Amino acid sequence: MQPSKDWIKDLVIYQIYPRSFCDSNGDGIGDLPGILSKLDHLSDLGVNALWLSPVYRSPNDDNGYDISGYQEIMEEFGTMEDWDRLRNACRERGIKIIMDMVVNHSSDEHPWFIESRSSRDNPKSEYYIWRDPVDGHEPNNWASCFGGSAWEFVPERGQYYFHYFSKKQPDLNWACPELREEIFSMMDWWVQKGVEGFRVDAISYLDKPQDFPDSKLPPRPDGYSFPDYLSGRPGTHAYIREMNRRVYAPGNVMTVGEVSAPTVEELGNYVRTEREEFDMAIPFVPPIDEINSWSPEKLRNDAWESYILMPKDGWWARFLSNHDKPRQVSLYGDDGEYWEASAKLLAMFIHTLPGTPFIYQGEEIGMTNVSFPSIEDYDDLSTRDNYNQYILSGMDPRRALSLVRLESRDNARTPMQWDSSENAGFTAGRPWLKVNPNYTKINVEAQKQDPRSVYSCYKKLITMRGKSAALSRGDLRFLDAGCPELIGLARSFEGEGLLVFLNFSKESHTIPAGLLESAGDVLMSSYDREDGYRGPELRPYEAVIFKIKA
Ligand code: NOJ
Ligand code: CA
């Protein structure tokens, strides 16, 4: 880690999904003035960085991840003056702004694409990836992530363009030097405007195999196959390093790449310091794979493997939630009987690992998955595609809906639950996506007044981290607690240390006596609502943090 970047170790990052955070003008859509009106919430919580999901001009095929104007603000969200006001207000509060930057693709409504598609010899012709038909068909068998072929035909050019995501998200052609130049100067423009970090979207796919070979993976129900050679190509790493040299390093900005990295070694390729790529990485795992494969043991092993990969020469993004995942308490905890204890346990896990904790809006009050009655209630294009693929594979619609309920990205996108008034205080109008009906029970207002709420637990953890070098800088050791569902870990730095035990299950588990020998005062418990920590037998989802005795 370069010494100049030591400050990233003290960040606690709060992610806002602007469409769902706070609506200021009653049109049912969250906006920048809405965010501005809620900055007290971020300050009160104690976070010092804000990751803003895209707020650029966009036709919203994928809620802003399809940008039609990189240096403009989406009309529904407000104006550039609103953004400037937000930046100033964040600065006053010591909150850094991290912009979500989507440069693997743009919107098909971006002026570059409109020009590029108009003919084969216009100045922007090479800004996107165009290929001739093969035998009158798409150039290869690749599937788009959001359904159907990854190729779309344009009669004006008599060619197909490549889109790994929806057909309204054509991939930019990183092999074109002029395009790269446009992107770097646009990012630098944001740095000059005061942006202090970037979360860079879908970054593993920049370089494409120019011959676009057919994928050998089995086809999806719609007949197309996911590409087998797209992520993490050497050319992609070269582009990222160029971006670092041109934008990140001169601007001294913090960067986190959203990556597709099937192995921990591949993850390391984006973040080990010597690579000069990103400060941290957010690995993307399709929700359904995560639902089917996660276990407490896997969470522990993944955390350990990423730790030993770079104990001294890299840094970690720690998160369980974002706008692409189901709600963490529903996925890894229990959103029924043990809702509160398990929401606290998950927070205690993330905030005691080495790395920068990320909090996704609503996580700090334990927001849960939603269960909409009909597929029509879901807005997300990937949810609709998943549903279609299930139906195409012959699945019963009720079963398809029940799977979609578990994995849908809309679980994370229902409006923020501010209070128990109509529409959870999110809007005075009709929300763009229905509010989770549990808002009368789970909301910010109720939890702020309650010293034992999930919200108060997050506040305490953030304060604790701010004061503890063991948490922000310390070594990690996992302890063998004799049972895969009981995670034990220790953090230490120059004589200061913490011991953490987390029971990830509905059964009770006892901390082995030997592991408690150095346990001093109890600093926190996920059972503070009850009687706090009361002995080595941890109750369902009980978690405890001890100070290590001097
Ligand atoms: C990853 C983003 O997080 C997701 O929301 C988006 O749909 C894709 N990239 C495409 O931009
Ligand atoms: Ca609005």
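Definitions and limits used
Residues numbered from 1 in each chain as written. Chains lettered and ligands numbered in written order. Predicted model: local features only at pLDDT ≥ 70, side-chain atom pairs only at ≥ 80, totals over all residues. Heavy atoms only, no water. Helix = DSSP H or I, 4+ residues; strand = E, 2+ residues; numbered from the N terminus. Rg over C-alpha atoms; globule rule 2.2 N^0.38 Å. Contact = heavy atoms within 4.5 Å. Lys, Arg positive; Asp, Glu negative; His and termini not counted. Charge placed at Lys NZ, Arg CZ, Asp CG, Glu CD. Donors = N, O, S within 2.8 Å, 3.2 Å for Na, K, Ca; no water. Salt bridge = Lys/Arg side-chain N within 4 Å of Asp/Glu carboxyl O. Buried < 20%, exposed > 50% of the residue type's maximum accessible area, 1.4 Å probe, protein only. Axes fitted to C-alpha atoms, helices over the stretch in contact; angles between N-to-C directions. Parallel < 35°, antiparallel > 145°, perpendicular 65-115°, else oblique. Left-handed = near helix turned anticlockwise from the far one by under 90°. Pairing = 2+ DSSP bridges. Near = heavy atom within 4 Å. Polar contact = N/O pair within 3.5 Å; in protein donor to acceptor, adjacent residues only side chain to side chain. Areas by Shrake-Rupley, 256 points an atom, 1.4 Å probe, with all protein chains shown as cover. Nonpolar A, V, L, I, M, F, W, Y, C, P; charged D, E, K, R; others polar. Core = buried A, V, L, I, M, F, W, Y, C linked by side-chain atoms within 4.5 Å. Domains from an automatic or database assignment. Buried area = accessible area lost by both parts, 1.4 Å probe. Phe/Tyr/Trp six-rings, centres within 6.5 Å; stacked < 30°, edge-to-face > 60°. Lys NZ or Arg CZ within 6 Å of the ring centre and 35° of its normal.

J.: Please clarify how the overall build of the chain should be interpreted in this entry.
T.: Secondary structure assignment for the chain yields 16 helices and 20 strands. For 550 residues, the compact-globule formula gives about 24 Å, and the C-alpha radius of gyration of the chain, at 23 Å, lands near that figure. For the chain, contacts bridging at least 24 residues in sequence account for 71% of all contacts bridging at least 6. Side-chain charges in the chain split into 60 positive and 86 negative, and the spacing between the mean points of these groups amounts to 3 Å.

J.: Can you walk me through the coordination of the calcium ion (ligand 2) in this structure?
T.: Note on the calcium ion (ligand 2): its protein donors are Asp23 (OD), Asn25 (OD1), Asp27 (OD), Ile29 (O) and Asp31 (OD). The metal-donor distances range over 2.3 Å. The sequence pattern formed by the donor residues of the calcium ion (ligand 2) is D-x1-N-x1-D-x1-I-x1-D.

J.: Explain the environment of isoleucine 288 here, please?
T.: When you line up the elements, isoleucine 288 lands in helix 8 (residues 287-293). On a C-alpha basis, the gap between isoleucine 288 and cysteine 176 in space is 35 Å, while along the polypeptide they are 112 residues apart. Not counting the four nearest positions on each side in its chain, isoleucine 288 is found in contact with Tyr390, Leu403 and Glu407.

J.: Please explain the pattern of salt bridges as it appears in this structure.
T.: Working definition: two side chains of opposite charge can pair if their charged atoms are close together. One pass over the structure, following the stated rule, counts 45 salt bridges. As a salt-bridge pair, arginine 529 and aspartate 450 come within 2.6 Å of each other at their nearest N and O atoms. Here arginine 529 is found in the loop between strand 18 (519-525) and strand 19 (537-538), whereas its partner aspartate 450 is found in the loop between helix 14 (444-448) and helix 15 (454-467), with 79 residues between them in sequence. A relative accessible area of 34% means that arginine 529 is categorised as partly exposed. Residue glutamate 542 is joined to arginine 539 by a salt bridge in which the shortest nitrogen-to-oxygen separation is 2.9 Å. One exposure class covers both glutamate 542 and arginine 539, and it is buried. Three or more residues are tied together by salt bridges with common partners; here these are Glu340, Lys344, Asp450, Lys460, Asp528 and Arg529.

J.: Help me understand the packing of helix 12 (residues 381-392) against helix 13 (residues 397-407) in this model?
T.: For any two helices packed against each other, the geometry is given by the interaxial angle and the distance between the axes. Between helix 12 and helix 13, the shortest axis-to-axis distance is 9 Å and the interhelical angle comes to 150°. By the angle class used here, helix 12 and helix 13 are roughly antiparallel. Handedness of the crossing formed by helix 12 with helix 13: right-handed. Here Thr383, Asn386, Tyr387, Tyr390 and Ile391 of helix 12 come into contact with helix 13, specifically with Pro397, Ala400, Leu401, Leu403, Val404 and Glu407.

J.: Just checking my understanding: could you explain the sheet that holds strand 6 (residues 130-131) for this structure?
T.: In a beta sheet, neighbouring strands are held together by backbone hydrogen bonds and run either parallel or antiparallel to one another. If you trace the three strands from one edge of the open sheet to the other, you get 6-8-7, paired in antiparallel fashion. For this open sheet the edge positions go to strand 6 and strand 7 (151-154), each flanked by a neighbour on one side alone. The pairing of strand 6 with strand 8 (residues 159-162) spans two bridges and is antiparallel. Paired with tryptophan 130 across the strands is tyrosine 161, a residue of strand 8.

J.: Is there a simple way to think about the environment of serine 456 in this case?
T.: Examined against the element boundaries, serine 456 turns out to sit in helix 15. Of the residues examined, serine 456 reaches a relative accessible area of 9% and is grouped as buried. Along the sequence, serine 456 and arginine 384 sit 72 residues apart, while their C-alpha atoms lie 36 Å from each other. Apart from the residues within four sequence positions on either side, serine 456 is in contact with Gln447, Asp450 and Pro451.

J.: Explanation requested: the site of ligand 1 in the structure shown.
T.: In the neighbourhood of ligand 1, the contacting residues comprise Asp62, Tyr65, His105, Phe146, Phe165, Arg199, Asp201, Glu258, His323, Asp324, Arg409 and Arg413. In this structure, an oxygen atom belonging to ligand 1 sits 3.0 Å away from a side-chain N or O atom of histidine 105. The side chain of aspartate 324 places a nitrogen or oxygen atom 2.4 Å from an oxygen atom of ligand 1. Alone, ligand 1 offers 300 Å² of accessible surface; in the complex the protein occludes 98% of this. Partitioned by chemical class, the residues of the shell around ligand 1 number three nonpolar, two polar and seven charged.

J.: Looking at this structure, how should I read the nonpolar core?
T.: What tends to happen in soluble globular proteins is that the nonpolar side chains get buried as a cluster. Ranked by internal contacts, the top residues of the largest apolar core, which has 142 residues, are Leu52, Trp83, Met99, Trp174, Trp190, Phe198 and Leu502. Ranked by the residues each element gives to this core, the list is headed by helix 11 (residues 339-352), at eight residues. Setting aside anything within four residues of it in sequence, one finds tryptophan 83 in contact with Leu32, Leu52, Val55, Ile73, Ile97, Met99, Trp190, Lys193 and Val195. Ile129, Ala150, Phe162 and Phe212 belong to the second-largest nonpolar core, a separate cluster that totals 15 residues.

J.: Quick question: what am I supposed to make of the sheet that holds strand 12 (residues 317-318) here?
T.: The strand order 11-10-9-5-2-1-13-12 describes an open sheet built from eight strands, whose pairing is parallel. Of all the strands in the sheet, the pair left with one neighbour each is strand 11 (280-283) and strand 12. As defined by bridge partners, strand 10 (residues 254-259) adjoins strand 11 across four bridges and the pair is classed as parallel. When the bridges of strand 11 are listed, glutamate 258 appears paired with isoleucine 282. In the packing of helix 7 (residues 264-271) onto the sheet, the strands contacted are strand 10 and strand 11, and the crossing angle to strand 11 comes to about 140°.

J.: Help me understand the pairing of strand 20 (residues 543-548), please; the structure alone is not making it clear to me.
T.: When a strand is regular, its side chains alternate between the sheet's two faces. Here strand 16 (residues 496-503) pairs with strand 20 via five bridges, running antiparallel. By the bridge assignment for strand 20, leucine 502 is matched with alanine 543. Of the pairings in the sheet, the one linking strand 18 to strand 20 comprises four bridges and is antiparallel in character. From the neighbouring strand, methionine 524 faces strand 20, where its bridge partner is isoleucine 545.

J.: I tried to follow the domain arrangement of the chain on my own but got confused; where do I start?
T.: Reports often express the size of an interface as the amount of accessible area lost when the parts come together. Once the domains are mapped, the chain shows domain 1 (8-103 + 178-371 + 417-448), domain 2 (111-162), domain 3 (372-413) and domain 4 (475-548). The C-alpha centroid of domain 3 is placed 29 Å from the C-alpha centroid of domain 2. The partner domain 3 presents five residues to the four residues of domain 2 that form the contact. For the pair domain 2 and domain 3, the summed buried surface comes to about 280 Å²; carbon and sulfur atoms form 65% of the total.

J.: Can you walk me through the packing of aromatic side chains in this structure?
T.: Aromatic ring pairs are reported here in terms of the distance separating the ring centres and the angle at which the planes meet. All told, the structure shown has 36 aromatic pairs when counted by the stated rule. An aromatic cluster of three or more residues is present, and its members are Tyr56, Tyr70, Trp83, Trp112, Tyr127, Trp189 and Trp190. The ring of tryptophan 418 has lysine 38 lying over it, and the distance from NZ or CZ to the ring centre is 4.2 Å. Sitting above the plane of the tryptophan 339 ring, lysine 441 keeps its charged end 4.5 Å from the centroid.

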